[in-house]
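Observations on the model geometry
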Amino acid sequence: MIREITLGQYYPVDSVIHRLDPRVKLLGTLVFLVALFVVDSWTMYGVAAVVLGILIKLSNVPLKFMTKGLKNILILLLISVSFNLFLTPGEPIFQLGILKISKEGLTIALKMGIRLILLVMGSSLMTLTTTPNQLTDGMEKGLRAFKKIGVPVHEISMMMSIALRFIPILIEETDKIMKAQQARGADFESGNIIQRAKAMVPILVPLFIGAFRRANDLAMAMEARCYRGGEGRTKMKPLKYEARDGIAYFLMFLYFAGAVGSRFVPLV
Amino acid sequence: MKIIEALNLVYNYIRTDENDKVVESTRALDGVNVSIESGDFVCVLGHNGSGKSTLAKLINGLNLPSEGTVLVSSKDTRNEQDLWDIRKETGMVFQNPDNQIIASVVEEDVGFGPENIGIPTEEIWNRVNTALEAVGMTAYRKKSPNRLSGGQKQRVAIAGTMAMIPKTIVLDEPTAMLDPTGRAEVIRTIKELNKTQGVTIILITHYMEETVDADRIIVMDQGKIVMDGTPKEVFKNVEELKAIRMDVPEVTELAWKLQKAGMPVPDSILTREELVECLQKCLPKQVDFEPNFVKRKPLHIDITDPVIRVRHLDHVYQKGTAMESYALKDVSFDVQRGSIVGFIGHTGSGKSTLTQHLNGLLKATEGVIEVNFRDNADLIKTGKNSKNVYKGSGSNSNVKNNHKNSGYEGEKDGANADTLKGTALNDSIESGQGTGFINIYDTNFNMKQLRFKIGLVFQYPEYQLFEVDVITDVMFGPKNQGLSEDEARKRAEEALKMVGLDSKFWKKSPFELSGGQKRRVAIAGVLAMHPEVLILDEPTAGLDPAGRDDLFKQIRELHDKVGMTIILVSHSMDDVARYTDQVIVLDHGVLKMTGTPEEIFKRYQELESMGLGAPQMTYLIHDLKDVGIRFEDRPDTVSEMADCIIDLWKRYNKSVKSNKIDASGKEAN
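Just so you know, these numbers come straight off a predicted model, no measurement behind them. (Residues numbered from 1 in each chain as written. Chains lettered and ligands numbered in written order. Predicted model: local features only at pLDDT ≥ 70, side-chain atom pairs only at ≥ 80, totals over all residues.)

Thoughts on the overall build of chain A
The secondary structure content of chain A amounts to 12 helices and 2 strands. Along chain A, from the amino end to the carboxyl end, the secondary structure elements read α-α-α-α-α-β-β-α-α-α-α-α-α-α. Here the C-alpha coordinates of chain A stretch approximately 65 × 60 × 40 Å along the principal axes. Here chain A holds 268 residues, and the buried ones make up 27% of them. For chain A, restricting intrachain contacts to residue pairs at least 6 apart in sequence, the fraction spanning at least 24 positions comes to 75%. (Helix = DSSP H or I, 4+ residues; strand = E, 2+ residues; numbered from the N terminus. Buried ≥ 20, exposed ≤ 12 C-beta atoms within 10 Å, placed from the backbone. Contact = placed C-beta atoms within 7 Å.)

See below:
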């Protein structure tokens, strides 16, 4: 259960998408997300879905792997959809007691649902096809400009990549700690919210202590391997734009222009 | 050529309070003088806290000496401008494989070091390729470290240092957290690097067997070097080593015992081959002389009074999908009340999954687990179907009489049973037999109560310790059982006494304790709930030899005094042979064998095909058999083996003498 969270995990296969420059993918994701909120017609949602479908197909990541990530936001999805569904005023099409579904509500809820699903799948496509290292390299280089105004870009990206590396390890550790405490009769499932919060203490304390120990070990291991910040570092996989990255930027531009343009064209 | 030189090293660990005032100062190294020759394979031995890890960190310049000097290729680690060169030259590999891999892809991690020292991109790739090749991990270069085994992760870590083209690699207990397969893998790799690439190796370890092939062994105790020499020179001093809480390889210990008994065995035998060769000369070849030897444990036990009965247990992940995989498949076995049962199997064989089923942390996909405790009362939720205790099929009826008479129980030493008599735990366990089998998957079965009856202690105590002090932590379980503060405290004190933790530690924070003490607290935390069965998952992982022996002594005592049923999950065949009555062997989720250690280790070749092995002594018996020296009874500990051989030798000598007298008598006539 807890181990099946796929967000932020790299799926190691080879594909065009995997080989794209991370900066392209970062900007691409941003463009895709922004475009989702720019467009407001069924046609364009269809287009976005098709584009995403093609990208997933190109990425060689099994669709099942992508939808698994969706399970984790299912509750969020249900809440936001039902809020929109029941609380939007308008022409009622269905009524049960105080629950009322309006036509507008239905439309908004559906659109919201589609948006959220596309949003999550779009961004997980990026994390699934980009190693955390590439991702942070991409950020580091993409955000180089900010370094001049004192933003520690290298440090931030290093922190991110380490965090991503340790997320699965810490999740597994949480699972083990929970079991160890359950074996001593700890109960995480029953009781009111305060009792439940109290029941988290036996999990959080060992988890935090473990995390600090790991951090300490890791810092030492990095130092032993001559890590001393971003100065004077070279790259094993330096970011260099290839022809395909140019094409990708071009397609991205087309897509975004299309999305913006669609606002001015009457579409269903 | 001297590659590393340490002169009069002193290192103090200093703890300060908020105002930078020194609260405590511990001397970890105390006047260490050592120099290491280029290309050597050096092992550093010493119990936990002897200063060996501190020495390692000083060599790499991670810590700077409080007094004295460390020279690496004549460069002082104190000179800041040389520090990066020193670290380039001396790679370090640490104990925990997870905590030293930085990147999420194997090859990127190997490239991390070269990136840091500014190597050009193309050269980084060359180095990464060569380094991965050298440790045999090329096939895994695109994989995520999370998907590798412990041994593979350590090889990646070694590759990471190799990519810096070091002259020396310092490995700080790189095998402590690995299973036997992973351990062998890592040791093979570093030996290979030493031989083919001429890299100087400094290996810090607890496993004596790993040191036998070294060029040199350095033994440390209390921050000082107490012995320094070739394995032969060092392991000659069996008594001195034992005095500083160290072990020697089992074969060496056996040879030493034989020598002490007067047998013509030379000093410091390190390998089985040497010992067999020497024994061949002084023991009879034929089977005329049956050794007069009584085994401590029965050769076979019938399970007459099972406390747990497992039938056709399946655990399937993602059933019905393409990813369907069996963690456990059709597992059936019984656990005899009051016995010590060993679960063995390689990592991923399903041992841990199985133990988690026994106390209900995991639920089986298929199959039945039945329990039969002396007190089953709480296990059924009161409610509509509360009288659903069902009778076991067949064997249950004759339980009552057989229990005390079984050969196993008869050997229990009556004399030690007194110390704990009268404690509540003792009463609850000693009184009465099982009261009938209950299926734990019955709808009205109370799973939470089961966890109190079958206590499970996980491998790392760090996963369960969380309270401000030891005693409160141990009280956590009893309080969850619904006991009052006083009652819980009484239980906790009793449990802490049982695991032999001195009361001066009870008010300390559990995080300040040593590894062995933490484990004791963790075990006490489970014992305080008064379980009838105690499951220990790798209880001695990461402890030094003396800590290992101490803990096992305590577990053994617990069993002997209180008659507790103990399930021991272990990688160490020697421990299993020494301490268990019954063994269950798992391989890929399937139960492959069950029987006494005797019966299991007879089939050592099958065990090997599963990536396991057999105790050292089993191998020795077979080696001896190959040269014609047979033992019908199969001793499985060093002292049993020694008794057996000495007895054989004495009687053989006597008969040789009397034959001679006979012969000379005849001549005279």
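Once the structure has been displayed, the description carries forward.
Some remarks on the environment of Gln616 of chain B
All names here are of chain B. Along the polypeptide, Gln616 turns up in helix α24 (residues 616-626). For Gln616, a count of 22 C-beta atoms within 10 Å translates into the label buried. Note: C-alpha distance between Gln616 and Glu250 (366 residues apart in sequence) is 7.1 Å.

Concerning the pairing of strand β4 (residues 67-72) of chain B
Residues and elements named next belong to chain B. In this structure, strand β1 (residues 2-16) lies alongside β4, joined through 5 bridges in antiparallel fashion. The residue bridging Leu7 from the neighbouring strand is Thr69, located in β4. As paired elements, β4 and strand β5 (residues 75-76) share 2 bridges and run antiparallel to each other. Its bridge partner being in β5, Leu71 is matched across the sheet by Asp76. What sits between the antiparallel neighbours β4 and β5 is a turn of 2 residues, in which Ser73 has the positive phi angle 45°. (Pairing = 2+ DSSP bridges.)

Some thoughts on the domain arrangement of chain A
Partitioning chain A into structural domains gives domain 1 (1-130 + 239-268) and domain 2 (152-237). Here domain 1 of chain A and domain 2 of chain A have C-alpha centroids that lie 30 Å from each other. (Domains from an automatic or database assignment.)

As for the interface of chain A and chain B
With 44 residues of chain A at the contact, the number on the chain B side is 55 residues. Listing elements by their share of the side of chain A that touches chain B, those giving two or more residues are α7 (132-142), α9 (153-182) and α11 (201-224) of chain A. At 14 residues, the largest contribution of residues to the side of chain A that touches chain B is made by α11 of chain A. The residue makeup of the side of chain A that touches chain B, split by class, is 25 nonpolar, 8 polar and 11 charged. (Nonpolar A, V, L, I, M, F, W, Y, C, P; charged D, E, K, R; others polar.)

Here's the deal with unusual backbone geometry
Residue and element names in this part refer to chain B. A positive phi angle is found at Ile165, which is not glycine, with a value near 50°. As for its placement among the helices and strands, Ile165 is situated in the loop between α6 (150-162) and β7 (168-172). Even without being a glycine, His312 presents a positive backbone phi close to 50°.

Quick word on helix α20 (residues 545-562) of chain B
Taking 1.5 Å of rise per residue, the 18 residues of α20 of chain B would be expected to cover 26 Å, and the 26 Å separating its terminal C-alpha atoms lies within 8% of that figure. Phi for Gly563 of chain B, located one or two positions after α20 of chain B, is positive at around 70°. (Expected span 1.5 Å × (residues − 1).)

Observations concerning the pairing of strand β9 (residues 216-221) of chain B
Residue and element names in this part refer to chain B. Extensive coverage of β9 is indicated by the burial of 5 of its 6 residues. Summarising the sheet, strand β3 (residues 41-45) and β9 pair through 4 bridges and their orientation is parallel. When the bridges of β9 are listed, Cys43 appears paired with Ile217. As paired strands, β9 and strand β10 (residues 224-229) are joined by 5 bridges and run antiparallel to one another. When the sheet's bridge partners are listed, Val219 is paired in β10 with Met227. Hairpin connection from β9 to β10: 2 residues lie between these consecutive antiparallel strands, with Gln222 at a positive phi of about 50°.

Digging into the confidence of the model for chain A
Residues and elements named next belong to chain A. When pLDDT is averaged across chain A, the result is 85; 96% of the residues are at 70 or more. Element-level pLDDT for chain A is lowest in strand β1 (residues 92-96), with a mean of 76, against a maximum mean of 93 in α11. For residues 1-7, every residue scores under 50 in pLDDT, and the model assigns this stretch 17 contacts once sequence neighbours within four places are set aside. (pLDDT = per-residue confidence, 0-100.)

Considerations on helix α17 (residues 470-480) of chain B
In terms of burial, α17 of chain B is a largely internal element, 10 of the 11 residues being buried. When we look at burial in α17 of chain B, the residues that qualify are Val470, Ile471, Asp473, Val474, Met475, Phe476, Gly477, Pro478, Lys479 and Asn480 of chain B. As for α17 of chain B, its buried residues are in contact with α11 of chain A together with α18 (485-498) and α19 (515-527) of chain B. A positive phi of about 95° marks Gly482 of chain B, the residue just after α17 of chain B.

What to know about the sheet that holds β4 of chain B
A sheet is described by the order of its strands in space; here 4 strands give the open sequence β2-β1-β4-β5 (chain B), paired in antiparallel fashion. Single-partner strands in this sheet number two, and they are β2 (22-37) and β5 of chain B.

Considerations on the packing of helix α4 (residues 63-71) of chain A against helix α6 (residues 103-129) of chain A
All names here are of chain A. Between α4 and α6, the least distance of the axes is 10 Å, while the angle of their chain directions is 125°. With respect to α6, the element α4 is oriented oblique. For the pair α4 and α6, the crossing hand works out as right-handed. Facing α4, whose interface residues are Phe65, Met66, Gly69 and Leu70, α6 presents Ile117, Val120, Met121, Ser124, Leu125 and Leu128. (Axes fitted to C-alpha atoms, helices over the stretch in contact; angles between N-to-C directions. Parallel < 35°, antiparallel > 145°, perpendicular 65-115°, else oblique. Left-handed = near helix turned anticlockwise from the far one by under 90°.)

Details of the environment of His571 of chain B
Residues and elements named next belong to chain B. Tracing the sequence through the fold places His571 in the loop between β18 (565-569) and α21 (573-579). Residue His571 is classed as buried on the basis of its C-beta count, with 22 C-beta atoms lying within 10 Å. Considered as a pair, His571 and Leu612 are 41 residues apart in the sequence and their alpha carbons are 8.2 Å apart. Not counting residues up to four positions away in its chain, the partners in contact with His571 are Asp179, Pro180 and Glu538.

Side note on the sheet that holds strand β8 (residues 200-204) of chain B
All names here are of chain B. Strand order in the open sheet made by the 6 strands is β6-β7-β8-β3-β9-β10, with mixed pairing throughout. Two strands lie at the open edges of the sheet, namely β6 (90-93) and β10, each paired on one side alone. For this sheet, the mean inter-axis angle between neighbouring strands, taken without regard to orientation, is 20°.

Concerning the nonpolar core
If you look at soluble globular proteins, the nonpolar side chains tend to sit buried side by side. Counting residues in hydrophobic clusters, the biggest one holds 103 residues, and the most contacted among them are Val42, Val44, Ala131 and Ala159 of chain B. Setting aside residues no more than four positions away along its own chain, Ala159 of chain B makes contact with Val110, Ala131, Leu132, Ala134, Val135 and Met137 of chain B. (Core = buried A, V, L, I, M, F, W, Y, C linked by C-beta atoms within 7 Å.)

Re the packing of α9 of chain A against α11 of chain A
Residue and element names in this part refer to chain A. For the pair α9 and α11, interaxial distance at closest approach is 9 Å and the crossing angle is 140°. Here α9 is positioned oblique relative to α11, judged by the angle of their axes. For the pair α9 and α11, the crossing hand works out as right-handed. Contact residues: α9 offers Phe166, Leu170, Glu173, Thr174, Ile177, Met178 and Gln181, while α11 offers Pro202, Ile203, Pro206, Leu207, Gly210, Ala211 and Arg214.

Considerations on the environment of Leu171 of chain B
Residue and element names in this part refer to chain B. Topologically, Leu171 is positioned in strand β7. By the C-beta count within 10 Å, which is 26 here, Leu171 ends up buried. Note: C-alpha distance between Leu171 and Thr205 (34 residues apart in sequence) is 8.4 Å. Not counting chain neighbours up to four residues away, the residues in contact with Leu171 comprise Val93, Ile190, Ile202, Leu203 and Ile204.

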